Every structure is written in C-alpha cells, then in structure tokens.
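For reference, the chains in residue letters:
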Amino acid sequence: MPADAIATDVAPQEIRLADYTPPPFLIDTVDLRFDLDEAATTVVASLSLRRNPAAPIDAALHLDGEALTLLRLARDGTPLTEADYHIVKSGLVIPDMPDACTLQIETRIAPADNSELSGLYVSGGNYFTQCEAQGFRRITYFPDRPDVMSRYTTTIISACPVMLSNGNPGPISDLGDHRRSVTWTDPHPKPCYLFALVAGDLVSVKDHFTTRSGRPVELGVYVRRGDEDRCAHAMHSLKTSMRWDEDVFGLEYDLDVFNIAAVSDFNMGAMENKGLNVFNTKYVLARPETATDTDYQGIETVIAHEYFHNWTGNRVTCRDWFQLSLKEGLTVYRDQEFSADQGSRSVKRIGDVRGLRAAQFREDAGPLAHPVQPASYMAIDNFYTATVYNKGAEVIRMMATIIGRPAFRRGMDLYFARHDNQAVTIDDFVQAMQDASGVDLQDFKLWYHQAGTPEISVEDSYDTATKRYTLTIRQTTKPTPGQPDKSPQVIPVAMGLLDGNGQQLTTSLQGDPEPVAGTRILLATQTENSFEFTDVASPPVPSLLRDFSAPVKLSGLTPDRLRFLAAHDSDPFVRWESGQQFAASVLLDMVAAIQAGREPVTDPALIEAMASILDQEAAFAAEALALPGEASLADKMAIVDVDAIHTARDAARAAIGQALSRPLRALYDKLTDSGGYTMDGAAIGRRSLRNACLSYLVAGGDAQAVPLAKAQFDAGGNMTDVLTALAILSGEDCLQRVQALDAFYQAWRGDPLVLDKWFAIQALSPLPATAQSVQELKNHPDFDLRNPNRIRALVSSFGANQVRFHDRSGAGYSLYADTIVQLDPTNSQVAARMVSPLGQWRRFDTARQTLMQAELQRILDLPGLSRNTFEMASKSIA
Ligand code: TRP
Ligand code: ZN
C-alpha cells in the first residue's frame, strides 16, 4: 500500500491557501548524518530550533514524517520518552517546547523498498533523493514546508566511490572496513525540498567555469559507467546557461561546485537541488546516434531550467506550495528566453505555443482546470501542471510585454534585492515589477486567480471619408469548475495593420500622440474595447496577437484574411498561425463532409498554400508544413469525431503528397546532408524540413516513397533521421515496418533511452491494431512498471494517440486504466499524473462517455487508492 494511502470512504481533505499560517518554529541549522545501506539506512538529524517570533507563543512542534522508523529522539542531549511526544498519522508532535533547543532525531529508512521515487531511493544500485515537493519527510521528521529555511551540513558514510550532496565538499576520510565519510557544507539557507544526496558507483565528466566576478566553479556531470561519452551536450548547455544568466539577468553562480547527477528512474524531468541537480537520464545523455534533435533541444532547455532555478526558486523560494508558479512560471519563462537566444526565436515560440495549446489550453477546458495560483489542493504533486508551468510563463511574458523589457529587468533586480534568502509570494513578485516600472499591475493579477482560456473576437470597420479604422476586441471566458462567473482580464494584444499589398502601416491611435512604425501593444481590459486608428489611407488588414502576446483563443478571422496574413505579415508567428488556422478550417470542412456521408475533398487553396511554403526558411517551413494535429482539430469540435478527423487529415496529407510529389522529392534530395552531421540550428531545420517532405511523400502513396523511407532508416547515422523514418514506416501496414521495428530493437535493446523510443513509436502508430500491440508490449520482457520513463513511453504515448486510444470498442481505455490501477500501489505520483486523458470524456459521444466514466469509477473503487490518484480521478469524473 502506498505510504499516502487513504480510505476511500473518507475523502482526503483539501489544503487551502486561505488557511496559511507562519511556521511555529524556525530551524537555523540542520546537521545530517547518513549511514547508507540499501535495506536499512540510518539518518541522524540535529536541528537547532527556535520559536518563530511571528507565531503564537504556546504552539506545539509538529514534524512531518512518512514511512520512517524512529530509533531515538533527544532534546539538548536528553533522550525524550513516549510521554514527551506523540507519533501521529502525519508525523510527530512534541507538545511542550522551550523557546530554543537542539533536537536530535535518529530514523531508519529502506531505500531499496522505495518504489515511489520520493525521499531516498535506490536506482541501478546507486542512491538518489527526490525531496520536492514533500519527500524530505520520508528521510527524517521535519517541518516539510518551504518557508522553513536552514543552513545544512550533510555527512555521508558508505562504501560508495562517489558521495555527493548540496554545497561544497570537505575532505574524504577513510573509516576502514571499505567505508568512507565526507561532509558537504551548504552556506546558503534553503528549504528542505532542495536537499539532495547522491551516492554510488558513478563516473563523472568534469569541466570548469569562471563567473564574471572571477569565482572558479568546478562542474561535474555524474552518470553510470559507459555513459561518459553522452555528456558533452549537457555540459555545454550548462556552461552556456551560466553565461547567459550573467549576461541577461546579471545573475552569477554562488558555490565552488555545481554537480548534475543522472538517474534512469525518476518521476519528472529534473530537479534543481542546490548545487546538486538530479536529472532524468533522458535530459542528460545524448550523442547523435542515440538522441534526436528534439532530445538535444530538450536537454539544453531542461539543463538551463534547473540551473536558472538557482536564483528563481532557490535563492528566493516559495512561501508555500500555492506559490509554485512563482518559481516554475518564472523559470520556464527564463528557459524559453534562453533557448530562443540559442537558435531561431520565432521557431522556438511556435513550438512553445504548440505545446501550450496541446497541454494547457486542454487542461483549462477540462475538469482539472485550475488557476495559475490554485486556491486549494489535495496532493501538491498533482499541481506540477501545464497551467502552473506554461500558463505561468505566459503570465510572466505578458508582464514583460506590458511594462517593457528594460523595466522587467529592473523589476527582477528589485525582486532579488528585496527578497534574497526569503520564502515569498507571487504578490511579492508582481509588486517588485509594479514598483520598478511604475505600471499599475493590480488588475493584471487576475491572471493568477482566474482559470480558463479567454476567447477573443474582433470586429472592425473602415470609414473611407474620415480615413478612420475602428477595431473592437471582445473577450469572454467560459466557466471552469468552481468558477462559474468570469471577469474580463488585462490582455496585451500585440498588433499591426497591413495595407492591401501586405505592407505594414505606421499606425496612429486616437488618444496616443506617438505614431508607431512597427508592432504596437493594445490593452484589452473590458468585455469590449474599441480602438480608433487615424490617417489610415486604405482599408487595412489587422495582424493580431503577434508573437502570441497573450494565452488566449482568437477566432473568427475569415479564410481570406488568414491566407493573406499567412503570405504577407512581417511577424513569423502570425504567418505560421494564420496558415494553421486556414488549414484547420479546410480540415474541419472535410470532417463535416465525412459526417454528411460525402467524400472529403481537399481545397486546392490549401495545396497551393503548402506549395508556397516549400521554398521558405527550412525550420519555419517545416513548422508551417505540418497540418494541425488530430487533437488540436478535436479541440475545435463540440463533439469530437476521432475517426472523421483521422480520415480527413489523412486524406488532406495524401492529396498534398500526391499533388506536390515532384517538388517534395526534389526538396528532399536537395536537403540531403552532404558534409555530415552537425547540431546547429540550420542543420536541425534542414533535417526537419527534409523529414516533413518524406512524410508527405509516403502519405501521397507513391510507390517509391516507402522504399525511400526504408533506405533512410537503413542508412543509419543520426537518430533524428532514423527515428523519423521508423515513425513514418510504423504508420504503414507493410513489410518494411516489421523489418525496421525488428532491426531497431535488435540494435538498441541494451540502451534504455533508445528502447523507450521503440515502445513509444509503436504506441503512437495510427494502424488499427495499435491497442492490441500496446497490450502485448505491456507483457514484453523489456516493459517495466517500476520505470516511469518506460511507462510514459508506452502507455502515456498511447493515451496521446487520439484515434487509437479512443477506439470505440473501449479496449484503449481499459488497458490504459489497467496500468493506472497496477501502478498506483507502487508509484502513486506517476499513476495520478496519467489520469487526465480519461477526464476528457465530456467531449465525446455518449457511448465513449460511458466507457471512459466506467474506467474512472473502476480506479476510484480500488481499495487503498492513493490520495494523489483519488484527487485526479474524483475531479475527472465529476
Ligand atoms: N522542480 C522540478 C522542476 O524543475 C520539478 C520536479 C522534479 C518535481 N521532480 C519532482 C515535482 C517530483 C514534483 C515531484 O520543474
Ligand atoms: Zn522547475
């Protein structure tokens, strides 16, 4: 039974932001001693406590604890007896406390049995910790909340060659009997969720970095023996991130060492523990033969993200977990800006917006919708969401847009000057931005509290006589759970006007003396706002939401305007977006035709638009050639028709592939790597455009296309080309598919990260037998329910395979729910995070609704269901 198991007859309590009270006790120093053993590790914690002057005088001391065996408890050297304390369900209570004392707590834990991967656990024979959000209570009794910040020393005793923790290391002493000890000292106060320990037989790749004020920093990437040759990109990304944060935000690293340790069993992507980041191997290990361009970009982004947390999260941390977006939204914004500076800014933005819509807009439209700052939760692990991370980043981005980049930088400086070494709130951050800019941001803060995606529509008119142009922007937001009535938000709309030739006009706005030659920001603040432009020579076409200046849905532009903007706008985002919206309108017409029993016919205008993309800049062209995905088309339908969407999209892809087969083939040949493999933005763009061509050629059904894909697969070389060829083949019912999948397995069965790709590709295949093959792959000897990466590769990928997951038989739903049921007892965090696809039931036909609800109910009926999964399933079924 998971440690947080609950009886399903008593629903778990909601924790509320409104109930926050300061901690009764503060802890200045924490001294930890670990005597490592897989079955029985002893932890001795010495805490120097004092009463918090901001808390009531007589409060008892409550320490959180979970899955711990208490061996000894002493206060100021005197052992406490069971008369002095109570062990309760959530931990340990000491009623009578002096104003200050030292507590010594000795506990025993069992890292080898820790399948939750929270606290101290064993992976591949090595020790790792994960303490965010509430894992430290699985190591020792402690006030496990981020507003208790302490200075830590950590002594590790073991036979392990490598023993790492936070801060700077001391010398290693030999204790005899193969055991050694080392003490790490972290001079910076931190909350316990940033504690980390890593020990084992790991090897390291080392490098160094000198901060701009001259501090030498030793850098280490620790991996399993044999993986040393896959660390170069991670190390390079780390050094680039360190320099970028100095250049762009003036933020320097603050310890003598910075270490990264990679682990293959990990619940999330990576963790920003002070001076010792712990990473999922997926976000560290790469060489061209094993990692795709997307993997390389993921590593760069995640390395940057965790490094940037050193200031946004660690030096200034969160007062409580309702402030999670204070560190996550801001740090995602920072990693997005960093990655934009490393390659093509507009292509990066397009990718980020795609991801935002696929994950966050969908979340915001469903039963799990919540504000960027939630008001309550049952299990905080469930709130590491697209809303907190990605919408949170958009909210930061809008603030930067509204107050301007220079003021945003001043706001950041002020935030650090005011709050270094403090645990603070989102309000504190916004206040710093307001004070540094002089712009009133009080109304803007609604973005943190109101869930749901605002929908904006525009109406415009032009008066030939006065040369005036009026643009009216209306906004509404649909109700979300617990928030039936929505208020208008402050929405920055970056825009420009184009004349009939597609030239950008200088705009003059009534009430604003300054004409603007480029993009201007309109602030929509009410249900309806009108803007009057003067001296407009001819009827303009508005270009709106440039660079996606706000996380809103903009609809209602005519297909003609969309095509015009796609061809002419100066803003690459609007060009891409308009092309996608136009394609979506064509595809939805085809869906309607299918539903009416007619043949879907691809509008020649779409083929023409695609043809005109082929000669554009490669990375952008690859983005623009990709038709809107099945799930994003589904988002535009009142009742999703997965089969009609799939048929329509396939028909359009076939029509484009056929009509353009000659230029696509010519472009494919032209883009072939001549000078070998490189990893720069131009080469990545070239590969992705070339692979987009290959995909259309196969869709077009030309007899040469499948052999061409097989030849690309067989040529080997880099993983991007091999895997794209494999993915394309896996969608075709042909002999080459079987051959390629088999060859790939034989080549890579010993490499877990690459084998994950083999599982994922099969789970994502559009072929009708996919549910069946996923069921079989769950019994494959290489499938492992203890490894989150493998579960995500097979089962979560399948959950994203719209047409097969939603098979009308219900087979997809039931194998998916089976996995949650099997996983919940051993890893409730990961099990809970898998529930959301089943929560989309309201959007489907009644037959599918019934099937999906039944699976949710089956999960809820599970005896001993975890609090995490209970929260997700109960909110999803409601
Ligand atoms: N703070 C981590 C980040 O950078 C997220 C994270 C890592 C996490 N491991 C976790 C969150 C375990 C919850 C549980 O975004
Ligand atoms: Zn983060």
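In case you missed it, the structure is sitting above this.
Below: a short report on this structure. (Residues numbered from 1 in each chain as written. Chains lettered and ligands numbered in written order. Predicted model: local features only at pLDDT ≥ 70, side-chain atom pairs only at ≥ 80, totals over all residues. Heavy atoms only, no water.)

A few words now on the sheet that holds strand β8 (residues 91-94). Here three strands make up an open sheet; going across it, the order is β4-β8-β7 and the pairing antiparallel. Edge strands, defined here as strands with exactly one partner in the open sheet, are β4 (61-64) and β7 (86-88). Taking each pair of neighbouring strands and ignoring which way they run, the sheet shows an average axis angle of 25°. Here four bridges tie β4 to β8, and the two strands are oriented antiparallel to one another. Considered in β8, the bridge of aspartate 64 is made with glycine 91. (Pairing = 2+ DSSP bridges. Helix = DSSP H or I, 4+ residues; strand = E, 2+ residues; numbered from the N terminus. Axes fitted to C-alpha atoms, helices over the stretch in contact; angles between N-to-C directions.)

Further remarks concern the nonpolar core. Soluble globular proteins tend to bury their nonpolar side chains together. The biggest cluster of nonpolar side chains holds 271 residues, and the ones touching the most others in it are Met399, Phe408, Phe429, Phe533 and Phe744. In terms of residue count, helix α5 (residues 386-403) provides more of this core than any other element does, ten residues in total. In this structure phenylalanine 408 touches Phe249, Leu330, Tyr333, Ile396, Ala400, Ile403, Phe429 and Met433, once residues within four positions along its chain are discounted. Residues Leu498, Phe564, Leu565 and Val574 belong to the second largest nonpolar core, which totals five residues. (Core = buried A, V, L, I, M, F, W, Y, C linked by side-chain atoms within 4.5 Å. Buried < 20%, exposed > 50% of the residue type's maximum accessible area, 1.4 Å probe, protein only. Contact = heavy atoms within 4.5 Å.)

Next up on the list: the packing of aromatic side chains. Following the criterion strictly, the structure yields 32 aromatic pairs and no others. Ring centres of tyrosine 307 and phenylalanine 308 lie 6.1 Å apart, and the angle between their planes is 65°; on these two criteria the pair is classed as edge-to-face. For tyrosine 307, a relative accessible area of 2% puts it in the buried group. Looking at phenylalanine 308, the relative accessible area reads 0%, which means it is buried. By way of ring pairs, the aromatic residues Trp244, Phe249, Tyr253, Phe258, Tyr307, Phe308 and Phe338 are connected into one cluster. Above the plane of the ring of tyrosine 20 lies arginine 319, whose end atom (NZ or CZ) is 3.7 Å from the centre. Over the aromatic face of phenylalanine 620 sits the side chain of arginine 575, whose NZ or CZ is 5.2 Å from the ring centroid. (Phe/Tyr/Trp six-rings, centres within 6.5 Å; stacked < 30°, edge-to-face > 60°. Lys NZ or Arg CZ within 6 Å of the ring centre and 35° of its normal.)

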